[in-house]
Amino acid sequence: MSNKPPPHPVSPQGPALLSAAASLRQLLDSLSREQRRNQELLASLAFALRSFTNLGRFLELVPLVAARLVEAEGAVLVVFHEDGRLWREYLQATPAEPCAELVRQLAALVDGDLAALSGDAAVAALLDQRVGRLLGEAQVVATSVVSRSLQRGRLYIFSNRQGFAWSEVHRRHLQLVADLAAVALENEALLQTMRRHERLDRQLSIGAEIQAQLLPDHCPVIDGVELAARCRPAFQVGGDYYDFIPTRPQLLGRRREQARWALVMGDVMGKGVPASLLMTMLRGMLRAEVLSGHSPERILHDLNQLAQEDLAQSHRFVTLFYSDYDPRTHLLRYANAAHNPPLIWRRQRNQVERLDAPGLLIGLQSEADYGLEQIVLEPGDVLLYYTDGVTEATGFSGERFDEERLVLQLQAACRSGIGAQGILDQLFARLDRFVGADRQLDDDASMVVLKVKEELMLPSLPS
């Protein structure tokens, strides 16, 4: 008789359990493979976003990746310019040949019809209706491509398979692809903006170079006086203008130094390129007018009439102080077209005075009259021409530099006995300390200093 225990009975459910476990493993393996595939697709699209410099090449991948992510039969990408116009050259669809007619029909949409719609939702509804009609019986899911709260396009996926359903995961993947497309469009917009700025910077650099050539690169030698001048634009180019113009340019050497010279300071209302262009135009007119030999008030009168039409079209006006100085008689004649009156420090009295004369802005009224004034300069006197960018410069507290502070600084510099260049440097240094070393001036600031030499000789008697 055998002592072996009887065998355990085999449960009829065993094979079923083994089969269920194998099926579960297969399902998990399939899901894992699908997840890896989706991760690789998204990673490849992200890599393309980082690597491609061509927007068109990247957008070609968007419908392809979107369709593969959700196992759809095809996808369509419609994008817009920033101003809402359809970006036809970037219409993309996959598969290409079956979708060719769809792309052609979408490209035929009229921009005016899209612009007439009220809001992004209405544009999306029109596109959804058009795409749905063109795809016939296919199931379609769409999402918007949004950049900075602005609808930049629509991304569609579609399928004709019976029983195919779009899951929430599909919708998330679709939105993720649309968001990557939005980043690409934003990158392109930023790139184009940067290129426009670079082109503008190049143009401004050329403009600044031309303007710098139009302003005197050095002060002329005028008998019995020292000169120093500087213009500091708020931008690369500006509307401030100063000039030293010989009234008899045909003279040379010592005779030229002893002849009458025009000293001018002006300012176009406004800043940047438009102001610079207008001032360049006025410079040419003024230099031609100086050769006429007329007195200062007549020159401003004629200049105002000549520039009237051009200034009226630009809706800008010009302030201009015009003076001429005769080194033989030390007489300074001047007229003013509403410019900041120059300041003169009288050495004998240690007192600062303003040089002003009645007159309207250049370009304000065609038949404007200008007054003429004159003064005899004495040894040691200092004359300061300046623009309102100096007195209207603001400090940290918002307080302006103002004329009173400029007068005090001019007195202090003049009493120290330094030359014209030293006075100019000291005034700009004080202005910079007031504004702050790291802060930009709000407006162009220009100053010209004329100092009468203290060893001034009496004029020689005519032979």
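Residues numbered from 1 in each chain as written. Predicted model: local features only at pLDDT ≥ 70, side-chain atom pairs only at ≥ 80, totals over all residues. Heavy atoms only, no water.

**Considering the overall build of the chain**
Within the chain, the regular secondary structure consists of 12 helices and 14 strands. Counting every position in the chain, which comprises 463 residues, the buried fraction comes to 44%. Contacts spanning at least 24 positions in sequence make up 69% of the contacts within the chain whose residues lie at least 6 apart. For the chain, the accessible area works out to roughly 24,500 Å², and carbon and sulfur atoms hold 53% of it. (Helix = DSSP H or I, 4+ residues; strand = E, 2+ residues; numbered from the N terminus. Buried < 20%, exposed > 50% of the residue type's maximum accessible area, 1.4 Å probe, protein only. Contact = heavy atoms within 4.5 Å. Areas by Shrake-Rupley, 256 points an atom, 1.4 Å probe, with all protein chains shown as cover.)

**Quick notes on the pairing of strand E1 (residues 74–79)**
Among the six residues in E1, six count as buried, and that is most of the element. Burial along E1 is two-sided: the residues Gly74, Val76 and Val78 and Ala75, Leu77 and Val79 are all buried. In this sheet, strand E4 (residues 150–159) lies alongside E1 in antiparallel orientation, the contact comprising six bridges. In the sheet register, Val78 faces E4, and the bridge partner there is Arg154. By the bridge criterion, three bridges tie E1 to strand E2 (residues 92–94) in an arrangement that is antiparallel. Each residue of the ladder has a partner; that of Leu77, found in E2, is Gln92. (Pairing = 2+ DSSP bridges.)

**A short note on the pairing of strand E7 (residues 261–268)**
With eight of eight residues buried, E7 lies mostly within the body of the structure. Residues Trp261, Leu263, Met265 and Asp267 of E7 are buried on one face, and the alternating residues Ala262, Val264, Gly266 and Val268, pointing to the opposite face, are buried as well. In the sheet, E7 pairs with strand E8 (residues 318–326) via eight bridges, with the strands oriented antiparallel. Counted as the bridge partner of Ala262 is Asp324 from E8.

**Details of the side chain of His81**
Of note, His81 is situated in the loop between E1 and E2. Aside from chain neighbours lying at most four places away, what touches His81 is Leu86, Trp87 and Arg152.

**Quick look at the packing of helix H11 (residues 402–415) against helix H12 (residues 420–435)**
Viewed as axis vectors pointing N to C, H11 and H12 meet at an angle of 140 degrees, and their least axial separation amounts to 10 Å. Relative to H12, the element H11 lies oblique. Crossing angle aside, the handedness with which H11 passes H12 is right-handed. Contacts between H11 and H12 involve Arg405, Leu406, Gln409, Leu410, Ala412, Ala413 and Cys414 from the former and Ile423, Gln426, Leu427, Arg430 and Phe434 from the latter. (Axes fitted to C-alpha atoms, helices over the stretch in contact; angles between N-to-C directions. Parallel < 35°, antiparallel > 145°, perpendicular 65-115°, else oblique. Left-handed = near helix turned anticlockwise from the far one by under 90°.)

**Regarding the sheet that holds strand E13 (residues 382–386)**
Strand order in the open sheet formed by five strands is E5-E14-E13-E10-E11, and the pairing between neighbours is antiparallel. Each edge of the open sheet is held by one strand with a lone partner, namely strand E5 (225–232) and strand E11 (351–354). Averaged over all adjacent pairs, the angle separating strand axes in this sheet is 15 degrees, with direction ignored. Taken together, the eight bridges between E5 and strand E14 (residues 445–452) define a ladder with antiparallel strand orientation. Counterpart to Arg232 in the pairing with E14 is Ala445. Here H11 sits on the sheet and contacts strand E10 (343–346), E11 and E13; the angle it forms with E10, its principal contact strand, is near 35 degrees. Relative to E5, H12 is tilted by about 30 degrees, and along the sheet it contacts E5, E13 and E14.

**Describing unusual backbone geometry**
Trans peptide bonds make up the majority, and among non-glycine residues the majority have a negative phi. Following Thr94, the chain continues into Pro95 via a peptide bond in cis, with omega recorded as -5 degrees. By the secondary structure assignment, Pro95 is in the loop between E2 and helix H3 (100–107). The backbone of Ser149 sits at a positive phi, close to 65 degrees, despite the residue not being glycine. Here Ser149 is to be found in the loop between strand E3 (139–147) and E4. A positive phi angle is found at Asn350, which is not glycine, with a value near 50 degrees. Along the chain, Asn350 turns up in the loop between E10 and E11. Taking the relative accessible area as the measure of exposure, Asn350 reaches 33% and is therefore partly exposed.

**Things to note about the pattern of salt bridges**
In the structure shown here, the tally under the stated rule is 24 salt bridges. Among the salt bridges present, the one from Arg88 reaches Asp111, with a minimum N-O distance of 3.1 Å. Placement of the pair is Arg88 in the loop between E1 and E2 and Asp111 in helix H4 (residues 111–116), with a sequence separation of 23 residues. Classification of Asp111 by relative accessible area gives partly exposed; the value is 23%. Salt-bridge contacts for Arg354 lead to Glu403; the nearest nitrogen and oxygen are separated by 3.2 Å. Placement of the pair is Arg354 in strand E11 and Glu403 in helix H11, with a sequence separation of 49 residues. Given the relative accessible area of 25%, Glu403 is considered partly exposed. (Salt bridge = Lys/Arg side-chain N within 4 Å of Asp/Glu carboxyl O.)

**Quick word on the sheet that holds E8**
On the basis of which strands lie adjacent, the open sheet formed by five strands has the order E6-E7-E8-E9-E12 and antiparallel pairing. Two strands bound the open sheet, and with one partner strand each, they are strand E6 (240–246) and strand E12 (373–376). Across the sheet, the axes of successive neighbouring strands diverge by a mean angle of 15 degrees, strand direction being ignored. In this structure, E8 lies alongside strand E9 (residues 331–337), joined through seven bridges in antiparallel fashion. Residue pairing in the sheet places Tyr322 in a bridge with Ala335 of E9.

**Topic: empty space enclosed by the protein**
According to the stated counting rule, one finds two cavities of 30 Å³ or more in the structure shown. In this model, the second largest cavity occupies a volume close to 40 Å³. Lining the second largest cavity are Tyr241, Met279, Leu282, Arg283, Leu286, Leu303, Val318 and Leu320. Per element, the largest residue contribution to the lining of the second largest cavity is four residues, and it comes from helix H8 (residues 272–290). Across the lining of the second largest cavity, the residue classes break down as seven nonpolar, no polar and one charged. (1 Å grid on protein atoms, 1.4 Å probe; cavity = no way out; pocket = protein on both sides within 12 Å on 5 of 7 lines; lining within 4 Å. Points joined across faces, edges and corners; volume = space filled by probe spheres on them. Nonpolar A, V, L, I, M, F, W, Y, C, P; charged D, E, K, R; others polar.)

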